Amino acid sequence: MFEWSMLDHWKSDGNDFDYDNLPQRKILSLPRMGRPSAYNLQVNMQIEVRKSTLNLTVVDLISKANHNLKHKNLFHRFTPLYGTWVAVQLSRRKYNLLTNHTVYVHDCDKGDLPKEWLSLGELSCNRELINQAKVVIVPPMKGLLWDLAWDLDFQCYNSEMFMAFANLFVDKLSKLEPIDPVGCWISRRGATHSTVTNLNEVLDMMLDVFPRVKELEFNANYTVEQNVKMLRECTVLFGNHGAGHTNAIYARPGVSVVEIIGKSKPAYYRNINMLLNQNYESIIGDPTRKISEPDFTIDVEEARAALIRARDHASDWIEKHGYWR
């Protein structure tokens, strides 16, 4: 579903656009996957071509208003962001709708879009642009990345298409000088769930494994640049299951990720890590609790063994490639 060739799997209600008989509108659909409640449902999007002079494309983020657009949870925010990006790619590759001006129109009465959207292109609150546009795209707001979160049987692999999406935020091909391993703990300080009772013991253990340890505290108001800078040195990301793991999109491809999942079996971040060709391992951490419960006690020795494996994998990656990127 995530490779460029898979864009052809979208089914439309008709043939290609007939530019002698405009305007025309097409509804495109794709079967949903993974999430149990998504069985037999479809991902839907709409493309309307009004004139053959394709000098303005508007992506309409108002018609299908979705609370995830401005959600505090980064994974939730990325679900409509990714769907919107896929819709634009589909319009270009399937129908060759290559315009020189694309604008993403949203409802500013409900607040600004999160800063990640600036990576897609020009944003506007001017609803009149929807009427002026020669091409209007209404992207899917359900399915795709969200369904991937529940796809435990997904055969993960290095995806060029998903990497291209991630490259909107950080250049995965830029080179850095090799560095000593840096272990990064994804903090949940101030959270009401997935809290850790023995965090100080865990951080002390990490200092035994890594020459340097950073505690990452992400904020929904941070810019993409701030997140990229925060993750720039991290060779290993470690933390409880939670939206903070979505920030691996901003990390280098050689990074290793260790996720604590408790008695649960979530697929959210495992699948994202694998699509980005990042080394991933999960540990139970506390077999007595679900990860969403408070007072979670991490098995320090289980974590130590996983972090050593992750550290060594990242070091081997740097040695193989000659630099950290």
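Keep in mind that this is a model prediction, so the values were computed, not measured. All residue numbers here refer to positions counted from 1 along the written sequence of the relevant chain. Since the coordinates come from a predicted model, pLDDT governs what is reported: local features require at least 70, and pairs of side-chain atoms require 80 or more to be given and counted, while whole-chain, interface and lining totals use all residues. Neither water nor hydrogens contribute to the side-chain values; these are computed over all heavy atoms in the structure.

Further remarks concern the state of the cysteines. We call a pair of cysteine sulfur atoms a disulfide whenever their separation is within 2.5 Å. As enumerated under the stated definition, the model contains two disulfides in all. Covalently, Cys108 is tied to Cys125 through a disulfide, its sulfur atoms 1.3 Å apart. Residues Cys108 and Cys125 share a disulfide whose torsion about the S-S bond is about -50°; that sign makes it left-handed. Remark: Cys125 occurs in the loop between strand E6 (122–124) and helix H2 (128–132) and Cys108 occurs in the loop between strand E5 (102–105) and E6; sequence separation between them is 17 residues. Burial status follows relative accessibility: with a 1.4 Å probe on protein chains alone, a residue under 20% of its type maximum counts as buried, one over 50% as exposed, and anything between as partly exposed. The class of Cys125 is partly exposed, set by a relative accessible area of 39%. Disulfide partner of Cys184: Cys234, at an S-S distance of 2.0 Å. As the torsion about the S-S bond is roughly -90°, the Cys184-Cys234 disulfide counts as left-handed. What counts as a helix is a DSSP run of H or I of at least four residues, what counts as a strand is a run of E of at least two, and both are numbered from the N terminus.

Below, the discussion takes up the pairing of strand E7 (residues 135–138). Neither face of E7 is exposed, since Val135 and Ile137 on one face and Val136 and Val138 on the opposite face are all buried. When DSSP finds two or more bridges between a pair of strands, those strands are recorded as paired. Of the pairings in the sheet, the one linking strand E3 (residues 42–49) to E7 comprises four bridges and is antiparallel in character. Bridge assignment links Glu48 to a residue of E7, and that residue is Val136. Strand direction decides the pairing type here: strand E4 (residues 57–60) and E7, joined by three bridges, are parallel. Considered in E7, the bridge of Val59 is made with Ile137.

We now examine the environment of Val300. Tracing the backbone shows Val300 in helix H8 (residues 300–321). Residue classification places Val300 among the buried residues on the basis of a relative accessible area of 10%. Note: C-alpha distance between Val300 and Asp204 (96 residues apart in sequence) is 9.9 Å. Throughout, a contact is declared for two residues whenever any of their heavy atoms are within 4.5 Å. Ignoring any residue separated from it by four or fewer positions in sequence, one finds Val300 in contact with Asn198, Glu201, Val202 and Met205.

This brings us to the side chain of His245. Along the chain, His245 turns up in the loop between strand E10 (236–240) and strand E11 (256–260). In this structure His245 touches Ile186, Gly239, Asn240, Val257, Val258, Glu259 and Tyr269, once residues within four positions along its chain are discounted.

Attention now goes to the packing of aromatic side chains. Working definition: rings of Phe, Tyr and Trp (its six-membered ring) pair if their centres are within 6.5 Å, and the pair is stacked with planes under 30 degrees apart, edge-to-face with planes over 60 apart, and tilted otherwise. Summed over all chains, the structure comprises 15 aromatic pairs. Through a chain of ring-to-ring contacts, the aromatic side chains of Phe78, Tyr82, Trp85, Phe162, Phe165, Phe169 and Tyr250 assemble into a single cluster. A ring is considered to have a charge above it if a Lys NZ or an Arg CZ atom is located within 6 Å of its centre and within 35 degrees of its normal. A cation over an aromatic ring shows up here: Lys26 above the ring of Phe17, its NZ or CZ 5.3 Å from the ring centre.

This paragraph deals with the sheet that holds strand E2 (residues 24–31). The seven strands are arranged E1-E2-E3-E7-E4-E5-E6 in an open sheet whose pairing can be described as mixed. Strands at the two margins of the open sheet, each flanked by one partner only, are strand E1 (11–12) and E6. Sheet topology places E5 next to E6; three bridges connect them, and they run parallel. The residue of E6 that forms the bridge with Val105 is Ser124.

Let us look at the sheet that holds E10. As summarised here, the arrangement of the five strands in space is E9-E8-E10-E11-E12, forming an open sheet in which the pairing is parallel. With one partner strand each, in any of the chains shown, strand E9 (212–216) and strand E12 (279–283) form the two edges of the open sheet. Ignoring which end each strand starts from, the neighbouring axes of this sheet average 20° apart. Alignment of E10 against E11, held across five bridges, turns out to be parallel. Bridging across to E11, Gly239 finds its partner in Glu259. Axes, fitted as lines to C-alpha atoms, cover a helix only where it is in contact. Angles between the N-to-C directions of the axes lie from 0 to 180 degrees. Running over the sheet, helix H5 (residues 199–209) touches strand E8 (182–186), E9 and E10 and is turned about 165° from E8. Its contacts with the sheet place H8 against E10, E11 and E12, and it is angled at close to 175° to E12.

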